[in-house]
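# Reading the structure
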Amino acid sequence: MKEQNFDKSKQQEPLDLEKRLTAYYGPQLREQPLSQASWQNLRLRLGSQEDAERRHHFSWRFLRKRSQAHVPTSIQDAFARIASEAHVSSMPSMLSCSLKPQLQEPAVHGSWFGRRKIRLILPLNAVATMGQTELDVLLATGLARSICGRKLTYTLGRLLLASVVLIASLVLILSWMYHVPLVGFPIAIALCISVLWLIHTQARSIAFHADMLMVPWLGRGHVCSGLHALADRSRSPRRRRWGEPSLAERIERVCGTRVEVKDNELTLVG
Amino acid sequence: MATCEAELIESAAHGDQEAFRHLWETHHAAAMAVALRLCHQRALAEEITQGAFLLAWRGLPRFQKGSPFRPWLMRILFRHALDVMEKQRTYLRPVSLDDAIEPDVPFGRDIHMRQADLQEQVAQREEVQQALAQLSAEQRQVIALRYGADLTEADIAQVLGMPVGTVKSRLNRARERLRELLKEEER
């Protein structure tokens, strides 16, 4: 009898596994239509067939960064919307997004040279917790900085700075050749320090200019709530970085409100 | 219909986005249903569907004229879904109550009863998922195609580009391993 039961259970085993796997995947689903926005999103990513052919023929496509290919669709949607507000033609390849687990707060960089490129760097937890306004402000910041950084005055400024670096190198070489390094070195170092300081000033100026540029795209209220949300997320909204104004400064300029310190916590006013 | 679709494919292969939109409208809902059944997550399924159509768009110039579009699209979708699911390690994500709700089944009157059923369902799914997570990627792929897409061994071989014999042996080994793992969990 026992043996019979044993045989029976052994016979049922494969059936159980099949059942469990079938239950895990569930029955066939009926068609799941998607919204029109889904097609719009796909359309933005299509590109031309020539692009597709080129991609197919050149093997170096595999060298492209993975992060470029995996920008979440919600971020791509938001970027396309902002680009259309800014009257800029947007391509999905303009935007790259990378996740960094060790990062504390999100950052965005807009390129000043070559192809327009916006690089979004997000902490891992931000993907789930970030609100739409924060995302909009980050993307608009990247796009606006990329537009502002290419303005003639800023480009000329950078050319001028590049020539100063060239002069500093020349001074260094000449002082070495004519055995007067004590004169040449301090001059070269002073020139390099001034160049660094000027780059920092220019980057800050571009950042402030870009903030003003994105106000008409998103609306001042939307920008302010986005900046406030980013400041809430930040551990040190008053901290300045090289070439980057603090969030508190940006809020003060765009929204006319301040960030106050209360009980060791930063509380936003306004 | 077939001629019409052939024309749409021809136009889309030459870069006509409007023609491709028609193809999307005809096939995306079915593709989405397949992707959703495979990965159980609506947002991810949408991403997979869009990705598969994007790959199809890029591959259209090399589409074999006269052959049916949907099986070709589905092969792309299966491969893409398997890639995405492995990359995103969907097997390591906890099964949520929302994921367990089948979109086809409306909420009944007895909501408490349904809640208990769902919790039971989630627990069972969690067990299978944990076992699946311990398989190799190749074993997970054949299991997903066999049970999540209801493909025959020959179809799986075609999707994965390998001999039927390899698929059979992989399936058998995957089943054996799963049986062991699930038994261990029950103990």
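Remember, predicted model here, so these are calculated numbers, not experimental data.

### Observations regarding the overall build of chain B
Looking only at helices and strands, chain B features 9 helices and 0 strands. For chain B, the succession of helices and strands along the chain, N to C, is α-α-α-α-α-α-α-α-α. Looking at chain B residue by residue over its 187 residues, the buried ones come to 34%. Nonlocal contacts in chain B, meaning residues at least 24 apart in sequence, comprise 62% of its contacts between residues at least 6 apart.

### As for the environment of Leu99(A)
All names here are of chain A. Locating Leu99 in the fold gives a position in strand S1 (residues 95-100). Take Leu99: there are 16 C-beta atoms within 10 Å of it, and that puts it in the partly exposed class. Distance from Leu99 to Pro123, taken between C-alpha atoms, is 5.6 Å for residues 24 residues apart in sequence.

### Examining helix H11 (residues 247-255) of chain A
Where H11(A) is concerned, the buried positions are Leu247(A), Ala248(A), Arg250(A) and Ile251(A). Take H11(A) and look down its axis: the buried residues cluster within an arc of 160°, on one side only.

### Regarding the nonpolar core
Ala35(B), Cys39(B), Ile48(B), Leu77(B) and Ala81(B) are the most contacted members of the largest nonpolar core, which has 51 residues in total. Broken down by element, this core gets its largest block of residues, 11 residues, from helix H2 (residues 17-39) of chain B. With residues up to four places along the chain from it excluded, the contact list for Cys39(B) reads Leu44(B), Ala45(B), Ile48(B), Ala81(B), Met85(B) and Thr90(B). Cys97(A), Leu122(A), Cys148(A) and Trp217(A) belong to the second largest nonpolar core, which has 33 residues in total.

### Let's talk about the interface of chain A and chain B
The interface of chain A with chain B comprises 30 residues on the first partner and 35 residues on the second. For the side of chain A that touches chain B, the elements supplying multiple residues, two or more each, are helix H1 (2-25), helix H2 (36-46) and helix H3 (49-57) of chain A. Of all the elements, H1(A) adds the most residues to the side of chain A that touches chain B, at 8 residues. Of the residues in the side of chain A that touches chain B, the class split is 12 nonpolar, 10 polar and 8 charged.

### Points about helix H7 (residues 132-148) of chain A
In this model H7(A) runs 24 Å from its N-terminal to its C-terminal C-alpha over 17 residues, within 8% of the 24 Å that 1.5 Å per residue would give. Of all the 17 residues making up H7(A), 14 are buried; the element is thus mostly covered by neighbouring parts of the structure.

### Observations regarding the packing of helix H7 (residues 137-148) of chain B against helix H8 (residues 153-160) of chain B
Residue and element names in this part refer to chain B. Contact geometry for H7 and H8: axes closest at 10 Å, N-to-C directions at 130°. Classified by the angle their axes make, H7 and H8 are oblique. Regarding H7 and H8, the two cross each other, and that crossing is right-handed. Along the contact surface, H7 presents Gln141, Val142, Leu145 and Arg146, while H8 presents Ile156, Val159 and Leu160. Split by residue class, the contact of H7 with H8 holds 5 nonpolar, 1 polar and 1 charged.

### Quick notes on unusual backbone geometry
Residues and elements named next belong to chain B. Look at His40: it is not a glycine, yet its phi comes out positive at around 65°. Positionally, His40 belongs in the loop between H2 and helix H3 (42-59). Take His40: there are 24 C-beta atoms within 10 Å of it, and that puts it in the buried class. In this structure, Asp150 is a non-glycine residue whose phi angle is positive, near 55°. By secondary structure assignment, the location of Asp150 is in the loop between H7 and H8. Take Asp150: there are 14 C-beta atoms within 10 Å of it, and that puts it in the partly exposed class.

Quick notes on the rules
Residues numbered from 1 in each chain as written. Chains lettered and ligands numbered in written order. Predicted model: local features only at pLDDT ≥ 70, side-chain atom pairs only at ≥ 80, totals over all residues. Helix = DSSP H or I, 4+ residues; strand = E, 2+ residues; numbered from the N terminus. Buried ≥ 20, exposed ≤ 12 C-beta atoms within 10 Å, placed from the backbone. Contact = placed C-beta atoms within 7 Å. Arc of directions from axis to C-beta. Core = buried A, V, L, I, M, F, W, Y, C linked by C-beta atoms within 7 Å. Nonpolar A, V, L, I, M, F, W, Y, C, P; charged D, E, K, R; others polar. Expected span 1.5 Å × (residues − 1). Axes fitted to C-alpha atoms, helices over the stretch in contact; angles between N-to-C directions. Parallel < 35°, antiparallel > 145°, perpendicular 65-115°, else oblique. Left-handed = near helix turned anticlockwise from the far one by under 90°.

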